[in-house]
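Listed here are the chains, written in short residue letters.
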There are 2 protein chains.
Amino acid sequence: MNRFAIGADLGGTNLRLAAIEENGRLIEKVVLEVRSLGHRDAAVEALCQNARVLARKHGGGRQFAGLGAGIPGILDAGAGILRQSPNLPGWENFAVREALQSRLEAAIALDNDANAAALGETWLGAGRTVASLCLLTLGTGIGGGLVLDGKVWRGFLGMAGEVGHIGVRENGEPCGCGSRGCLETEASATAVVRKARQLLAAEKSPALAERIRSGSSLTAELVYQLAQEGDAACRDLFASVGRFLGLGLSMLVNTLNLPLYLLGGGMAEAWPLFAPALLEELGRRSYVFAQGGTRVERAQLGADAGLYGAAALVLRQPA
Amino acid sequence: MNRFAIGADLGGTNLRLAAIEENGRLIEKVVLEVRSLGHRDAAVEALCQNARVLARKHGGGRQFAGLGAGIPGILDAGAGILRQSPNLPGWENFAVREALQSRLEAAIALDNDANAAALGETWLGAGRTVASLCLLTLGTGIGGGLVLDGKVWRGFLGMAGEVGHIGVRENGEPCGCGSRGCLETEASATAVVRKARQLLAAEKSPALAERIRSGSSLTAELVYQLAQEGDAACRDLFASVGRFLGLGLSMLVNTLNLPLYLLGGGMAEAWPLFAPALLEELGRRSYVFAQGGTRVERAQLGADAGLYGAAALVLRQPA
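Residues numbered from 1 in each chain as written. Chains lettered and ligands numbered in written order. Predicted model: local features only at pLDDT ≥ 70, side-chain atom pairs only at ≥ 80, totals over all residues. Heavy atoms only, no water.

Q: Help me out: how do you make sense of the sheet that holds strand 4 (residues 62-71) of chain A in this one?
A: What holds strands together in a sheet is hydrogen bonding between their backbones, with the strands either parallel or antiparallel. All names here are of chain A. The strand order across the open sheet formed by five strands is 3-2-1-4-8, and the pairing between neighbours is mixed. Each edge of the open sheet is held by one strand with a lone partner, namely strand 3 (26-33) and strand 8 (108-112). The sheet shows a mean angle of 15° between the axes of neighbouring strands, direction not considered. As judged from the eight bridges shared by strand 1 (residues 2-10) and strand 4, these two strands associate in the parallel manner. (Pairing = 2+ DSSP bridges. Helix = DSSP H or I, 4+ residues; strand = E, 2+ residues; numbered from the N terminus. Axes fitted to C-alpha atoms, helices over the stretch in contact; angles between N-to-C directions.)

Below you can see the structure in the form of C-alpha cells.
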C-alpha cells in the first residue's frame with residue numbers, strides 16, 4: 001500500500017500544508033494566511049485540523065505515515081521545542097511537538113524550515129542525484145540548510161546552516177545578528193534595497209530615480225527589473241551581490257567539500273544577473289572549487305521545497 | 001582477546017608508527033626521518049617493514065586488526081589514491097593503498113593526516129566527550145579535520161576541512177591557494193613571521209630588532225618568546241592572530257554548530273597569547289557562539305593525535 005504524509009510549512013506569512021505520497025507526488029495543497037489564524041494556539045489548532053482533513057480525505061487505499069512540519073527559528077528537534085522564532089511572535093520556548101501530538105494521533109517530525117527545504121531539494125529537486133548539499137535561501141535575510149549523507153545536519157543546538165552570517169566584509173554594515181559584514185548584509189533582498197538607496201543618494205542611476213519619482217516602491221524586485229532593462233548601476237549592484245555570494249560560498253566549499261550548493265528563495269530569480277560574478281569570485285577564492293566537479297545551481301522546487309522536505313522528515317529520514 | 005592496530009603518520013619530516021591497543025594504550029612508537037628513507041617506494045617499503053615488525057612483536061595474545069595511515073595531501077580515501085601532496089614530492093597520483101596492500105597482509109585504512117589527527121582527538125584527546133568536532137592545526141600553514149557524528153567528514157573529493165583557506169580579509173595578502181586574505185595568511189606561523197618582519201621594518205619592536213641583530217633567526221617561536229617577555233608589539237601581533245582565528249571560527253560555528261573546536265599544531269603553544277582576542281572576536285561575530293555551550297579549546301594529544309587517529313581508522317571507524 002502506498003504511504004503518504006502531510007508536510008506543513010509554517011512561515012511568517014503563510015501556513016501551507018500538503019498531502020504527499022512516498023513516491024513524491026503532491027496530492028493536494030492548502031495555503032492559509034497566518035495572520036487570519038490568530039494567536040499561537042489557534043494556529044496550531046488550524047494546522048492540526050487541516051492535517052486531519054487531508055489525512056482523512058486521502059487515506060483511502062493509502063497508509064498515513066504522519067505529519068512533518070518545518071518551523072522558522074531555532075528548534076530543538078530532539079525535544080520538539082522552538083527556542084527562538086523572530087518571525088512567530090509568542091512562539092518562543094513553545095513545546096511544538098507536544099502541542100501537535102496532543103491534537104493528532106500520528107507520528108510527528110519537526111525541523112527548522114530551511115533544513116526542511118534543503119531536504120526537499122535533496123529528495124525531489126536539484127539535489128536528487130547527490131547525498132549531500134547546502135541550500136542557501138536568499139530572501140529578506142539569508143538562511144540555509146545542510147544535508148550530509150542524506151540526513152539533515154542540525155548541529156548540537158539546532159543552529160547549523162546559519163550561512164547568512166558568514167562574514168564577508170571585515171568592516172561591513174552592522175548585521176541584526178550582532179556582527180558586521182555578514183553575507184546577509186551584502187547579498188539579501190534587504191541588502192539590495194540598501195545598496196540601491198546608496199545609488200539614489202549618489203545619483204548613479206537616473207532610471208531608478210525616475211521610477212521612484214513616479215511612485216514605485218524601492219524593492220529588490222524593482223532593482224532587478226531595471227538591471228534587466230540594462231541599467232548599468234543596477235547591473236553592477238547585482239554583480240556585487242554575486243561577488244559576495246562567491247566569497248561566502250568559497251568558505252563552505254573549502255570546509256565542507258560538498259558536491260552541490262543550491263541557491264533558492266526569491267532573490268534566486270536574479271540568478272542570471274549575479275551568477276557570473278559569483279562563479280568568477282568562487283573560482284578565484286576556492287582552489288577546491290577550481291579543482292572542478294563542485295556544482296553551484298539554482299534550487300528547483302521554489303516555495304514547495306519546504307513542504308516536500310517536511311513530508312520527507314516522516315517518509316524518508318532515518319531516526 | 002585485545003585487538004591492536006598499527007597507526008602510521010607520514011609527514012614531510014618524519015614517518016611515525018605506533019602499535020596501539022583498542023583500549024587506546026600506545027604500546028610502542030617508532031620515529032623515522034623521511035629524508036633518510038630515500039624515494040617513494042623505499043619509504044613505503046620502510047613503512048611496511050616497520051609495521052610488520054611492530055605487528056609481530058606485539059601480536060602475542062593480541063589480535064592484529066591492521067594498519068591505518070595518515071597521509072598529507074589530497075587523498076581519495078575510497079580509491080586509496082593520493083591525488084596531490086605538496087609535502088611529498090613524487091607521490092602525486094600514487095596508489096598508496098595498493099602499494100601498502102601488496103606488501104602487507106592486513107586490513108589497510110587511509111586518511112588525510114589532518115583528518116586522522118581530528119579522529120585521534122575525538123577518540124582519546126580533548127574531544128572524548130563529543131561526537132563531532134573540528135580540529136584546526138596551526139603550523140607553517142593551517143590545516144583542519146572534521147569529525148561529524150563520530151565519522152571523519154572527507155567531502156566528495158577528499159578535500160573537506162580546508163579551514164586554512166577560509167577568507168578573513170577581503171583584500172588581504174595573496175595566499176598560496178590562489179586566493180587572498182585566507183586564515184592561513186593571517187594566523188599561521190608563516191603569518192607571524194611576516195607580521196614580525198613588518199614590525200622590524202616599522203621599527204615597532206626594539207627588543208625584536210635587538211635579538212635579530214645578535215644573531216637570532218626570525219621565527220614564530222622567537223616572536224612568541226618576546227611576547228611572553230612582555231614586548232607590547234609582539235603581544236599585539238598575537239592578539240591580531242587571535243582576532244583572525246575568531247573571525248575564521250565564527251564561520252565554522254555559524255554553519256556547522258559543532259559542540260567543540262580544537263586548536264592544535266605548534267602555534268597552539270601560543271594559546272594564552274591569542275585566546276583572549278579569539279574568544280572576544282568570536283563572541284562578537286557569532287551569535288551562535290554567544291548562545292553559550294560552544295567550546296573552543298586546545299588539542300591535547302600533540303603530534304600523537306595523528307597516530308591515534310590512524311589506528312582508530314582501523315579499530316573504530318564504521319566502513
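What follows continues from the structure just given.
Q: Looking at this structure, I do not really get the packing of aromatic side chains. What am I missing?
A: Within a pair of aromatic rings, the relevant descriptors are the distance that separates the centres and the angle that separates the planes. Residues and elements named next belong to chain A. Overall, the coordinates contain nine aromatic pairs over all chains when judged by the stated rule. Relative to Phe94, the ring of Trp91 has its centre 5.3 Å away and its plane inclined at 90°; by these criteria the two rings are edge-to-face. Look at Trp91 and you get buried, because its relative accessible area is 6%. Relative accessible area serves as the criterion here: at 8%, Phe94 is assigned to the buried category. Considering the side-chain rings of Trp271 and Phe274, the 5.9 Å spacing of their centres and the 75° angle between planes classify their relative orientation as edge-to-face. (Phe/Tyr/Trp six-rings, centres within 6.5 Å; stacked < 30°, edge-to-face > 60°. Buried < 20%, exposed > 50% of the residue type's maximum accessible area, 1.4 Å probe, protein only.)

Q: What is the right way to look at the relation of the copies chain B and chain A in this model?
A: Mapping one chain copy onto the other needs a rotation about an axis and a shift along that axis. Superposing chain B onto chain A takes a rotation of 180° combined with a translation of 0.0 Å along the rotation axis, leaving an RMSD of 0.0 Å. In short, the pair behaves as if placed about a two-fold rotation axis. Taken together, the interface assignments show that 100% of the residues at the interface of chain B recur at the interface of chain A, consistent with an identical surface on both copies. (Least-squares fit on C-alpha atoms with pLDDT ≥ 70 in both. Contact = heavy atoms within 4.5 Å.)

Q: It is not clear to me how the confidence of the model for chain A should be interpreted in this structure. Could you clarify?
A: The predicted coordinates should not be examined in detail at positions where pLDDT is low. Confidence in the prediction of chain A, expressed as mean pLDDT, is 95, and 99% of residues score 70 or more. The complex prediction reports pTM at 0.95, with the ipTM value standing at 0.93. (pLDDT = per-residue confidence, 0-100.)

Q: Explanation requested: the interface of chain B and chain A in the structure shown.
A: Quoted interface sizes are often the accessible area lost when the parts come together. At the junction of the two partners, chain B supplies 43 residues and chain A supplies 44 residues. Summing both partners gives a buried area of about 3700 Å² for chain B against chain A, and 57% of it is carried by carbon and sulfur. Close ionic contact of Glu170(A) with Arg169(B) constitutes a salt bridge, the shortest N to O distance being 3.6 Å. Where the side of chain B that touches chain A is concerned, the elements lending two or more residues are strand 10 (142-148), helix 8 (232-256), helix 9 (271-285) and helix 10 (287-290) of chain B. Partitioning the side of chain B that touches chain A into residue classes produces 19 nonpolar, 16 polar and eight charged. (Buried area = accessible area lost by both parts, 1.4 Å probe. Salt bridge = Lys/Arg side-chain N within 4 Å of Asp/Glu carboxyl O. Nonpolar A, V, L, I, M, F, W, Y, C, P; charged D, E, K, R; others polar.)

Q: Could you clarify how one ought to interpret unusual backbone geometry in this entry?
A: In terms of backbone geometry, most residues other than glycine have negative phi values and most peptide bonds are trans. All names here are of chain B. One non-glycine residue, Asn93, lies in the positive phi region at around 55°. With respect to the helices and strands, Asn93 occurs in the loop between strand 6 (81-84) and strand 7 (94-95). Despite not being glycine, Glu203 shows a phi value in the positive range, around 50°. Along the chain, Glu203 falls in the loop between helix 5 (189-201) and helix 6 (206-213).

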